[in-house]
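# Fold and geometry: a report
Okay, here's what each chain looks like letter by letter:
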Amino acid sequence: MSEIIEPLRGMNDVLPDEARWWHRLERVVREVFAAYGYREIRVPLLERTALFKRAIGEYTDIVEKEMFSFDDRDGASLTLRPEATASIVRAAITNGLLHNQRHRLFTLGPMFRGERPQKGRYRQFHQVDVEALGYGGPDVDAELILMSARIWRLLGIGRVSLELNSLGTPEARAGYREVLRGYFAAHESTLDADSRRRLGGNPLRILDSKNPDLAGLIAAAPLLTDSLDPASREHFDGLRARLDAAGVAYTVNPRLVRGLDYYSRTVFEWVTDALGSQNALCSGGRYDGLVEQLGGEPTPAIGWALGMDRVVLLMQELGTPAPAEPPQAYVVLAGAAAAARGLGLAEQLRDALPWLRIETDLGGGSFKAQFRRADRSGALIAVVLGEDELARDVAAIKPLRHDGEQLDCPFADLPACLARLLGGPSVDAAAAARQDRDP
Ligand code: HAM
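In this convention, every chain numbers its residues from 1, walking through the sequence in written order. This being a predicted model, a pLDDT of at least 70 is required before a residue's local features are given, and a value of 80 or more before pairs of side-chain atoms are given or counted; all residues contribute to the totals for chains, interfaces and linings. Only heavy atoms go into the side-chain values, all of them from the structure, while hydrogens and water stay out.

### Focus on the pairing of strand β10 (residues 280-286)
Two faces make up the sheet, and in a regular strand the side chains alternate between them. To keep things clear, this is the line we draw: Burial classes follow relative accessibility: with a 1.4 Å probe on protein chains only, a residue under 20% of its type's maximum area counts as buried, one over 50% as exposed, and anything between as partly exposed. Numbering of helices and strands runs from the N terminus; a helix is a DSSP stretch of H or I covering at least four residues, while a strand is a stretch of E covering at least two. Between any two strands, pairing holds if DSSP finds at least two bridges.
Most of β10 is tucked away, with seven of its seven residues classed as buried. Of the strand pairs in this sheet, β10 and strand β11 (residues 301-307) are connected by five bridges, and their pairing is antiparallel. Note on β11: the bridge partner recorded for S283 is A305.

### A few points about the packing of helix α2 (residues 49-56) against helix α4 (residues 85-94)
In plain terms, the rule: Geometry is summarised by axes, namely lines fitted to C-alpha atoms with helices restricted to the contacting stretch, and by angles between N-to-C directions that run from 0 to 180 degrees. Here the angle decides the label: under 35 degrees means roughly parallel, over 145 means roughly antiparallel, 65 to 115 means roughly perpendicular, and every other value means oblique. The criterion used for residue contact is that any of the two residues' heavy atoms lie within 4.5 Å. Classification convention: Asp, Glu, Lys, Arg as charged; Ala, Val, Leu, Ile, Met, Phe, Trp, Tyr, Cys, Pro as nonpolar; all other residues, Gly among them, as polar.
Two elements in contact, α2 and α4, have axes whose closest approach is 9 Å; the angle formed by their N-to-C orientations is 110°. One element, α2, and the other, α4, form an angle in the roughly perpendicular class. The segment α2 lies against α4, with L51, F52 and A55 engaging A86, S87 and R90. Residues that form the contact of α2 with α4 fall into these classes: four nonpolar, one polar and one charged.

### Concerning the packing of aromatic side chains
We count it as follows: Two aromatic rings from Phe, Tyr or Trp, using only the six-membered ring of Trp, form a pair when their centres are within 6.5 Å; if the ring planes differ by under 30 degrees the pair is stacked, by over 60 it is edge-to-face, and anything between is tilted. The criterion for a charge sitting over a ring is simple: Lys NZ or Arg CZ within 6 Å of the ring centre, and within 35 degrees of the ring normal.
Evaluated as defined, the whole model comprises eight aromatic pairs. Centroid distance W152 to W270: 5.9 Å. Interplanar angle 75°. Geometry classified as edge-to-face. Of this pair, W152 sits in helix α5 (residues 138-155) while W270 sits in strand β9 (residues 266-272), and the two are 118 residues apart along the sequence. With a relative accessible area of 2%, W152 lands in the buried category. Feature note: the residues F33, Y38, F106 and W304 constitute an aromatic cluster, connected by ring pairs. Above the plane of the ring of F371 lies K398, whose end atom (NZ or CZ) is 5.9 Å from the centre.

### Quick notes on a nonpolar patch on the surface
Quick reminder of the rule: Note on patches: the residues involved have over 30% relative accessible area and no salt bridge, like charges join within 9 Å, and the nonpolar side chains Val, Leu, Ile, Met, Phe, Trp and Tyr join within 5 Å. Each accessible area value is a Shrake-Rupley result obtained with a 1.4 Å probe; residue values ignore everything except the protein chains displayed when judging cover. Put simply, a salt bridge is a Lys or Arg side-chain nitrogen that is within 4 Å of an Asp or Glu carboxyl oxygen.
Nonpolar side chains collect at one region of the surface, where L45, L46 and F70 lie side by side and expose about 230 Å² of accessible area between them. Among the structural elements, F70 can be located in strand β3 (residues 69-71).

### Re unusual backbone geometry
Its identity as a non-glycine residue notwithstanding, N100 has a phi of 50°, on the positive side. For N100, the position within the fold is in the loop between α4 and β5 (103-112). Look at N100 and you get exposed, because its relative accessible area is 83%. Positive phi outside glycine occurs at R258, with the angle close to 70°. Tracing the chain through its elements places R258 in the loop between β8 (251-252) and β9. What makes R258 buried here is its relative accessible area of 13%.

### Topic: the site of the ligand
Put simply, the rule is: Near residues are defined by distance, with any heavy atom within 4 Å of the molecule or strand qualifying the residue. Here a polar contact means two N or O atoms within 3.5 Å. Within protein one must be a hydrogen donor candidate and the other an acceptor candidate, and residues neighboring in sequence count only if both atoms are side-chain atoms.
In the vicinity of the ligand, 27 residues are found, and the nearest of them are E83, E115, Y263, A280 and S283. Interatomic distance of 2.8 Å between a side-chain N/O atom of T85 and a nitrogen atom of the ligand. At a separation of 2.7 Å, a nitrogen atom of the ligand approaches a polar side-chain atom of E115. Surface burial for the ligand is 96%, taken as the share of its 660 Å² of free accessible area covered by protein chains. Per-element accounting of the shell around the ligand gives the leading share, six residues, to β10. Per-class residue counts for the shell around the ligand are eleven nonpolar, eight polar and eight charged.

What follows is the structure in structure tokens.
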């Protein structure tokens, strides 16, 4: 036997039994985005490294330590996207989406960061990402937060709480940076090598340090709230008033700075106490300077990203149901003539009843073996075709999950028979629904 090739650390397979929680999450977020008028955009997984360096910031953990970057054959440095915001802003600029227009967009997909893997933290992880480009007021900040709150409600997820902060304008932030520089410089001898480098580059990033020896120093650092400019304060108050009016609870966390450089004004994070240390479920904020920084016209913008892997873990932890979708019917075929008809019969049933999930036994074998497989499939009924049934132009229908009589159904009536037994829409209603959906 050949040697097995192991998967990469921090890159997970989602197996079929687990996929149903992903499906529920994906269905809910798509419904919510449709309900609020957000439209899907899909952007490449690979971009030029310079995009992420410029957008996320040279001194961030992501850019300094976590990006999967490599040179292509022409020597250009490329990076697997560590997040979606930079790519979506790039796409909006290069496709001319921002000429006198505003856009409310979302995307779903994998992101890549070379972090140390643990429960809830992976190297390939998945985000639902939403971005509102061209909107400057606190109303859109509130709408985005309401949208995330609705997602928790529809998923039946409790044990989440919302933290908010304002980082002020870039100018206010620049002022705060200098305040922090002064503070940390006075304690330079206690800083580690990373923080000393960040002291010269961006001292705000020292606040992200995970070194426990620095926790006390960081906790005592001056607060950004004290440097907030009046316009940002007004914006923040506007957001808070809207959340209060909508009944969304939050706490203001003046220590919330976020690990990416592009933020200004509103930042927020939904956290849970149910997942251990990887407690951030959905995070985001306003990035009014980013479009311009990436070469576009000045455009205010805000967005968030929800960590799908973490939300799926939480759904499982909290016992959120995610229905399995076993076949409703299973076709059992006895004898060569029936075996030849089986696939065609299932096709006709799928044509007539687009909602029907019907599995055909493959590979043959004894009646007993096929019924065992039918039973294991979770199907409610077996549609049985043997020589006797073929001779009479009928299929036998045998209930698998409840006591009941086996009954014969003429081929011509089979769709109506299944619709009645399985409680699905009738043949005519199913055809009309399909016409509506796929005209
Ligand atoms: P972020 O905070 O870096 O923000 O990531 C957003 C969410 O992705 C986190 O709250 C977390 O749930 C999930 N996440 C991040 N890293 C990992 C990981 N290694 N494993 C599993 N889940 C992870 C952003 O990415 C920004 N682009 C959000 C944003 C959009 N801001 C404005 N627009």
